[in-house]
Amino acid sequence: PPRSGDARLPAASGWVAVLPDGATVVEMCEGLALVRGDCGYGNEDIIDVCEQRDRPYLLRLRKTANVKRLIERQFARQGWTRASQASQGWQAIEDSLQLSGWSKKRRVIVLRRLIKQDIALTRKTKAVGKGQGEQLVLALAHDEVHDNAQLWEYTVLVSNVEYDIAAIGQLY
């Protein structure tokens, strides 16, 4: 649901569609403090509309191969912000990126947070015996698989706002 001062866009597949009241999505974004959108919105067409209309935006990117490479490059880098209650546990670091289909480099913020909840890790292995197929193996948090391991949740955002990156987790 929209928050005061910003709005989430309708489904990306219909971003130029007409809304029930006759306004286009672009018109709907006029006057907003921040346009936020999920991973369907991180494409040149939508970003370009926001930039042409001088609309501040914060859009999540799909985890394409290039975005995954960005995450890998950032992983060991120094300078991540500290996770806090205000940032909802997210740590952040920024960079610039030009994805294929984009006309220029843009500011991106990589967010990560430690997964602390009980989790289960599964993988398939070859079952012993002829014709047995695959067997699902389960490792719970107390198993040795998780000793000294940390699991992280990652997301990557593209933005033209100049907010401090420590605050981005709160906006996302």
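Residues numbered from 1 in each chain as written. Predicted model: local features only at pLDDT ≥ 70, side-chain atom pairs only at ≥ 80, totals over all residues. Heavy atoms only, no water.

### Here we look at unusual backbone geometry
What counts is decided by this rule: Strands are runs of DSSP state E lasting at least 2 residues, helices are runs of H or I lasting at least 4, and numbering of each runs from the N terminus. Only protein chains enter the area calculation, which uses a 1.4 Å probe; residues under 20% of their type maximum are buried, those over 50% are exposed, and those in between are partly exposed.
Even without a glycine there, the phi angle at Asp54 is positive, about 55°. Checked against the element boundaries, Asp54 lands in the loop between α2 (44-52) and β3 (57-60). Judged by relative accessible area, which is 63%, Asp54 ranks as exposed. With phi around 60°, Gln88 is a residue other than glycine that occupies positive phi space. By secondary structure assignment, the location of Gln88 is in the loop between α3 (65-75) and β4 (91-97).

### A closer look at α3
Residues spaced three or four apart along an α-helix point in a common direction, a consequence of the helix completing one turn every 3.6 residues. The following threshold applies: The directions considered for the arc are those from the helix axis to the C-beta atoms. Contact criterion: two residues are considered in contact whenever any of their non-hydrogen atoms come within 4.5 Å of each other.
If you check which residues of α3 are buried, you get Val67, Leu70, Ile71 and Gln74. Axial view of α3: buried residues confined to an arc of 100°, hence all on one face. Exposed residues lying more than 90 degrees from the buried face of α3 are Glu72 and Arg73. Where α3 is buried, its residues meet β4, β5 (106-114) and β8 (152-159).

### Comments concerning the packing of aromatic side chains
Aromatic rings in a pair are described by how distant their centres are and how their planes are angled relative to each other. Operational definition: Each aromatic pair joins two rings of Phe, Tyr and Trp (for Trp, the six-membered one) with centres within 6.5 Å, and gets the label stacked for planes under 30 degrees apart, edge-to-face for over 60, and tilted for any other angle. Both a distance and an angle decide whether a charge sits over a ring: NZ of Lys or CZ of Arg must be within 6 Å of the ring centre and within 35 degrees of the ring normal.
The full count for this structure, using the stated rule, is 0 aromatic pairs. Seen from the ring of Trp80, Arg112 lies directly overhead, with NZ or CZ sitting 3.9 Å from the centre. Looking at Arg112, its charged tip hangs above the ring of Trp152, at a distance of 4.5 Å from the centre.

### Side note on α2
Listing the buried residues of α2 in full gives Glu44, Ile46, Ile47, Val49 and Cys50. A positive phi of about 55° marks Asp54, the residue just after α2.

### What about the pairing of β3?
Just so we agree on the cut-off: Only strands that DSSP links by at least two bridges are regarded as paired with each other. By the criterion used throughout, a crossover qualifies as right-handed when its path from the first strand across the helix to the second strand runs clockwise, the strands pointing away from the viewer.
Here strand β2 (residues 34-37) runs beside β3; their pairing, made up of 3 bridges, is parallel. Bridge pairing in β3 places Val35 opposite Tyr57. For the crossover that starts at β2, traverses α2 and ends in the parallel β3, the hand is right-handed.

### Brief notes about the pattern of salt bridges
Note the cut-off: A side-chain nitrogen of Lys or Arg and a carboxyl oxygen of Asp or Glu constitute a salt bridge if their distance falls within 4 Å.
Inspection of the entire model under this criterion finds 6 salt bridges. Glu51 serves as the salt-bridge partner of Lys104, at 3.6 Å between the closest nitrogen and oxygen. You can see Lys104 sitting in the loop between β4 and β5 and its partner Glu51 sitting in helix α2, a full 53 residues away along the chain. Here the residues in one salt-bridge network are Glu44, Glu51, Lys104 and Arg106, joined through shared partners.

### Here we look at the pairing of β8
Most of β8 sits out of view: 6 of its 8 residues are buried. Of the strand pairs in this sheet, β3 and β8 are connected by 3 bridges, and their pairing is antiparallel. Considered in β8, the bridge of Arg60 is made with Leu157. Strand direction decides the pairing type here: β5 and β8, joined by 7 bridges, are antiparallel. What sits directly across from Arg112, in β8, is Tyr154.

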